[in-house]
Amino acid sequence: MLAIDPVWQADTQQAHFRLLLDAMAYPGRCLILKTLPIDGGQVALSVLSTLLDAEVSLADPHKLLKDDDWKMLQTNSVAVDEADYILCTGSQFTRFTPKLGRLKSPEQSATLILVVDKLGVGDLKLNLSGPGIQYNKLLSVTGLAAQWLARREECNIAFPLGIDLILIDDTQIAALPRTTKVEIL
Amino acid sequence: MIERTNWVSALKTLPFNELLDTTTELSSDWTLRPKSIPQSGLGMLKIKESAFNEQFYLGEFCLSSAWLEVTTPDGQVAEGAAQVMDDRVELAEALALCDAILSAQLPGWEKISSMIERGLIIRESTNNERKQMLTRTQVDFSLLDDANDKGNAHVSN
């Protein structure tokens, strides 16, 4: 009876979960989202709806989500320093201290989701290397403030503690796990 | 007016097809938007034991929930929600729609109201039946006392 936006449906979320696994396994690879929110909704919902539930928490310091989005996500809104996931605008750097995990549980750290203008094109050129990348991978981005990458570097200095990044534009995602070395060209 | 807390339990006594047909007919030109994802799952029944007052899980029960917003063509907006011990999400959606219709008195609310009245009568009848069944299972321990007294009297004699 109720028409549910496909991003909230199980089969879409399974497909996007697979996409996220591939993005993390092959850093810098731009992968096209299968389904986008209808009616011009926040594109990040395609990823958030897959990752979030009542067991995890989200911080939205840039207020990208509407109240109705929170109700659909059924997740916990917390401060940035406590959140499992943090959603921000890529072009607007904000300094905060995310969860970095502990040596016993490095996975208890934050995943930063940055909404950028475009992946695959742009003046910001990143040379990526590390696990999942055969030699080097070039990733161009539009709408990503370089300070995010510097902050990522600071957070990941005590590897395995650190943060992982997911970049989203209007149709694609790419990931920069903490194991990836990023050099700005 | 019947209390809102009784609406869902009253409507649940009615046949599912009747609920679905009525709500589909009433909402044919309305816009229905979910406020949260309608879902179906299991609730865990927690109970405290009386020795150490510790909680444990007695078992599971089916639970479906729905929360939606209705907008009619003339601009009336209403919200309705339902949680029901059933594994059918469609039932929760239909009940949530009934909740919205009656709470905001949207067109067709009288139909829902009369369905609730019918449902309450059925629910009352079911509850009475259950009470009678429960009463028949109760043990009259005073009869045992009488039996013991007679036995002791025999021995002492």
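Everything here concerns the structure above.
Undergrad: Tell me about the pattern of salt bridges, and please be specific about residues and values.
TA: As enumerated under the stated definition, the model contains 17 salt bridges over all chains in all. Lys71 of chain A is the partner of Asp68 of chain A in a salt bridge, and the nearest nitrogen-oxygen pair spans 3.9 Å. Residue Asp68 of chain A and its partner Lys71 of chain A are both found in helix 3 (residues 67–73); the two are separated by 3 residues, about one turn of the helix. Residue Arg118 of chain B pairs with Glu18 of chain B through a salt bridge whose shortest N-O separation is 2.3 Å. Here Arg118 of chain B, found in helix 4 (residues 109–136), pairs with Glu18 of chain B, found in helix 2 (residues 16–26); they are 100 residues apart in sequence, far enough to count as distant. You can call Glu18 of chain B partly exposed: its relative accessible area is 25%. When salt bridges that share partners are traced, they join Asp68 and Lys71 of chain A together with Arg33, Lys35, Glu69 and Glu79 of chain B into one network.

Undergrad: Go over unusual backbone geometry with me, naming the residues and quoting the values.
TA: In most cases, non-glycine residues show a negative phi, while peptide bonds are predominantly trans. Here the amide bond leading from Phe159 of chain A into Pro160 of chain A is cis, since omega sits at 15 degrees, within 30 degrees of zero. Structurally, Pro160 of chain A can be placed in the loop between helix 4 (146–155) and strand 8 (164–168). One non-glycine residue, Asn53 of chain B, adopts positive backbone phi at about 60 degrees. Mapping Asn53 of chain B onto the fold places it in the loop between strand 1 (31–48) and strand 2 (55–71). At Gln105 of chain B, a residue that is not glycine, the phi angle is positive and equals roughly 50 degrees. Overall, Gln105 of chain B belongs to the partly exposed group, its relative accessible area being 41%.

Criteria and cut-off values
Residues numbered from 1 in each chain as written. Chains lettered and ligands numbered in written order. Predicted model: local features only at pLDDT ≥ 70, side-chain atom pairs only at ≥ 80, totals over all residues. Heavy atoms only, no water. Salt bridge = Lys/Arg side-chain N within 4 Å of Asp/Glu carboxyl O. Helix = DSSP H or I, 4+ residues; strand = E, 2+ residues; numbered from the N terminus. Buried < 20%, exposed > 50% of the residue type's maximum accessible area, 1.4 Å probe, protein only.

Keep in mind these values describe shape, not function.
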